[in-house]
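One letter stands for each residue in the lines below.
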Amino acid sequence: MKLLSFTHEGRDSFGAVVGTRVVDLGLKFAGVYADIVAVLKAGALDEVEAAIAGATGDYDLADITFLPVIPNPPKIICIGVNYDSHRTEIGRDPSARPMVFARFAASQAAHQEPLLLPPESETFDYEGEIAVIIGKAGRRIAEADCWDYIAGYAPYNDGSIREWQRHTAQWGPGKNFYKTGGFGPWMTTRGEIADNQTLHLKTRLNGMELQNATSDEMIFSIPYLIEYCSTFIPLEPGDVIVTGTPGGVGVRREPKLFMKEGDLVEVEITEVGVLKNPIQAERV
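This is a predicted model, so every value here is computed, not measured.

## Some remarks on the pairing of strand β12 (residues 150–158)
Burial analysis of β12 places 9 of its 9 residues in the buried class, which makes it a mostly covered element. Bridge count between strand β11 (residues 128–134) and β12: 7 bridges; the pairing is antiparallel. Each bridged residue has a counterpart across the sheet, and for Ile133 the counterpart in β12 is Gly152. As paired strands, β12 and strand β15 (residues 187–189) are joined by 2 bridges and run antiparallel to one another. For Gly152, the partnering residue across the bridge sits in β15 and is Thr189. Both β12 and strand β14 (residues 181–183) contribute to a ladder of 3 bridges, which runs antiparallel. Of the residues in β14, the one forming a bridge with Asp158 is Gly181.

What follows is the structure, encoded as structure tokens:
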């Protein structure tokens, strides 16, 4: 399944993509499941799949406004420097453990929604990534069991305000400016993607391909990241683990290449879909 969150005629809902249309699961499960997180908490993905069997959809995709795939994630855990191509371009030594930082939900933007270039920055950088959505709760999850805790996958743009990222050794401010991280258009559930299947990740700016990598190139694999993160904090349904960006970021190019107003940035996971966001200067 492809599950998404959206607004239609002023009402927030969630649904499933069927071709070019959307089944409104918020209506179908009114009073039962309010959103994707509620479905995951109930372990009800099979119930949802049965409910959309044979459905033709309620609206065209063109008639909805996308929301971030999970608008209300309990946690957004981001992994830094998780591809050798990126580690090499920024000149970092190999690390024995993942580099972990957090995002907040307010920093996220939906598919087709503008990413906001703040007036405090001239270095708004793209970072295409594979996001993993957690499907059930767990603590100290063994790496061998990690696939069972995955609900699905989605494209993510971990947009970075480089000046603020470098204020200190802690990256939080540069990774949490309002509406700088794209998340969408939908999550493809684990049932459509084989465990350990190679995922192909690409980032384009104004149609020019700038990043191209596969999940096989990660330094720390998805199962390892789930084991590691679940050791220091319990994982919950709806948590998002953003697994790192490959080489090709704008700050390491010559000349440097940053996103500016009027640009269009795309993050594609071939097996999932394409996240598209225009860039807009934040009005203050």
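Now that the structure has been shown, we can carry on.
## With respect to the packing of aromatic side chains
Considering all chains together, one arrives at 7 aromatic pairs under this definition. Taking the centre distance of 6.0 Å and the plane angle of 70° together, the rings of Phe6 and Tyr59 count as edge-to-face. A residue pair is termed long-range when its members are at least 10 positions apart, and Phe6 in strand β1 (residues 2–8) and Tyr59 in strand β4 (residues 59–60) qualify at 53 residues. By the burial criterion, Phe6 is buried, and Tyr59 matches it. With 5.4 Å between their ring centres and 25° between their planes, Phe220 and Tyr224 make a pair best called stacked.

What counts and what doesn't
Residues numbered from 1 in each chain as written. Predicted model: local features only at pLDDT ≥ 70, side-chain atom pairs only at ≥ 80, totals over all residues. Heavy atoms only, no water. Buried < 20%, exposed > 50% of the residue type's maximum accessible area, 1.4 Å probe, protein only. Helix = DSSP H or I, 4+ residues; strand = E, 2+ residues; numbered from the N terminus. Pairing = 2+ DSSP bridges. Phe/Tyr/Trp six-rings, centres within 6.5 Å; stacked < 30°, edge-to-face > 60°.

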